[in-house]
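Structural overview for review
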Amino acid sequence: MSTPSAAVQRLRLRTELRKARNRVGLTQREVATTMYWSPSKLIRIEAGEVAISVNDLKALLSEYGVTDRRKVEELLQLARSSRKMPFTEYRDVLSKEFLSFLALESSASIIRGFHFFVVPGLFQTEEYMRAMAAGTGQATSPERLDRLVEARLARQEILEGDDGPELFLIMDESVIRRQIGGPKVMRSQLERLADLSEHPRITIQVLPFGVGAHRGLMGPFTHFEFREEGMPDSVYLENPRGESYSSNDPEVTGQYLEIFWGLEDQALRDDIGTFLRSMAADVGDDGHGLTLAAPAETP
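Right, let's walk through the structure included here.

The rules behind these values
- Residues numbered from 1 in each chain as written.
- Predicted model: local features only at pLDDT ≥ 70, side-chain atom pairs only at ≥ 80, totals over all residues.
- Heavy atoms only, no water.
- Core = buried A, V, L, I, M, F, W, Y, C linked by side-chain atoms within 4.5 Å.
- Buried < 20%, exposed > 50% of the residue type's maximum accessible area, 1.4 Å probe, protein only.
- Helix = DSSP H or I, 4+ residues; strand = E, 2+ residues; numbered from the N terminus.
- Contact = heavy atoms within 4.5 Å.
- Pairing = 2+ DSSP bridges.
- Axes fitted to C-alpha atoms, helices over the stretch in contact; angles between N-to-C directions.
- Phe/Tyr/Trp six-rings, centres within 6.5 Å; stacked < 30°, edge-to-face > 60°.
- Arc of directions from axis to C-beta.

1. Notes on the nonpolar core
By size, the foremost hydrophobic cluster in this structure holds 51 residues, and its most contacted members are F123, M171, I176, L190 and L193. Top element by residues in this core is helix α10 (residues 183–196). It accounts for six residues. Not counting residues within four places of it along the chain, the set of residues in contact with F123 comprises Q156, L167, L169, Q189, R192, L193, L196 and I202. Counting 20 residues, the second-largest nonpolar core is a separate cluster that includes L17, A20, I52 and L76.

2. Focus: the sheet that holds strand β4 (residues 221–225)
Think of a sheet as strands paired side by side through backbone hydrogen bonds, with each pair either parallel or antiparallel. An order of β3-β2-β1-β4-β5-β6 is seen for the six strands of this open sheet, with the pairing classed as mixed. Every other strand in the sheet has two partners, leaving β3 (202–207) and β6 (244–247) as the edge strands with one partner each. The average undirected angle you get between the axes of adjacent strands in this sheet is 10 degrees. Strand direction decides the pairing type here: strand β2 (residues 166–172) and β3, joined by six bridges, are parallel. Pairing of M171 across the sheet is with V206, part of β3. Lying on the sheet, helix α11 (residues 250–266) is in contact with β1 (110–115), β2, β3, β4, β5 (234–238) and β6; it crosses β4 at an angle near 110 degrees.

3. Considerations on the pairing of β1
Most of β1 is tucked away: six of the six residues are buried. Neither face of β1 is open: one carries I110, R112 and F114, the other I111, G113 and H115, and all of them are buried. Relative to β2, β1 runs parallel, the two being bridged by six bridges. Within β2, the residue paired with G113 across the bridge is L169. Here β1 runs beside β4; their pairing, made up of five bridges, is antiparallel. Looking across to β4, one finds that F114 is bridged to F221.

4. Looking at unusual backbone geometry
Residues other than glycine seldom take positive phi values, yet Y36 does so here, at roughly 60 degrees. Examined against the element boundaries, Y36 turns out to sit in the loop between α2 (28–35) and α3 (39–46). Given a relative accessible area of 77%, Y36 falls into the exposed group. Despite not being glycine, D271 shows a phi value in the positive range, around 55 degrees. Among the structural elements, D271 can be located in the loop between α11 and α12 (272–282).

5. Regarding the environment of D233
Mapped onto the elements, D233 comes out in the loop between β4 and β5. Once the C-alpha coordinates of D233 and G254 are considered, the two residues, 21 residues apart in sequence, prove to be 8.5 Å apart. Ignoring sequence-local partners within four residues, the contact set of D233 consists of H223, F224, E225, S247, N248 and T253.

6. Here's the deal with the environment of R155
Along the chain, R155 turns up in helix α8 (residues 142–155). Taking the relative accessible area as the measure of exposure, R155 reaches 8% and is therefore buried. A sequence separation of 110 residues divides R155 from I45, and the C-alpha atoms of the two residues are 24 Å apart.

7. Concerning the packing of aromatic side chains
With the rule as written, the count across this model stands at eight aromatic pairs. Ring centres of F221 and F260 lie 6.5 Å apart, and the angle between their planes is 85 degrees; this geometry places the pair in the edge-to-face category. A residue pair is termed long-range when its members are at least 10 positions apart, and F221 in strand β4 and F260 in helix α11 qualify at 39 residues. In terms of burial, F221 and F260 fall into one category: buried. The structure contains a cluster of three or more aromatic residues connected by ring pairs, namely F114, F116, F117, F221, Y256 and F260.

8. Re α3
Of all the positions in α3, only L42, I45 and E46 are classed as buried. For α3, the angular spread of buried residues about the axis comes to 95 degrees, placing them on one side. Residues of α3 that are buried in the fold lie against α1 (6–23), α2 and α4 (54–63). Once α3 finishes, G48 follows within two positions and takes phi at roughly 75 degrees, a positive value.

Below, the structure written as structure tokens:
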């Protein structure tokens, strides 16, 4: 088995540190005061947003009463191994919240996502990326646009090879009908989705308008599972304003896993590649596309 990634190591470390602090009944503010840290420093460490130095970790473990030599060395090794997080070279164009998301994505063994705004980044064509960045105001200069596209294309490397994660994608019908970049770009994007639906590690489904109200209307989300023993699942939530929230609380991750399974039962799956290619061919210069029907109820 390969060595766990820096993202997994950091997630394990932050989980252990929270547990240790809770065992001694201390709040983040109390610990920060004792350590002569700003409260934000400990909050960011426990959120996995920043690495912790070996010396700071030793002092923190002493404060928590963690003295077992084997346990201390295990946690110190996690700290050493989690220094280099993926995609940090793109900090100039990507938010710290999105970098945390990419760290989870690059480390997961199973990724499940529901989207109803746009095609998720892992599955976007370069033309669709550029149209999205320009249309949403993210591309404030040609140089920034190129950096954003470069980062997003690098992200898609997990789709290559045989050892990447299993991916389960459910898109609302609005995603494949919204004409991002115009008909030509959208035709290419739909064909790309059709090709990806044939990938052995990728399952793509579409949730028709005819389903009506459903639990996915609470917002898009991505659920992550990991191979490493003892690693909790994580869920990442987002909204149209760009705000995001992540959690590895079993109650929260379990709730969203159930929501995803419910959406799977309502979404179209059979012959989805054929359908997407038909839809791509049907997209005319006026942006017209196909209309989906809700799946028939199973007796």
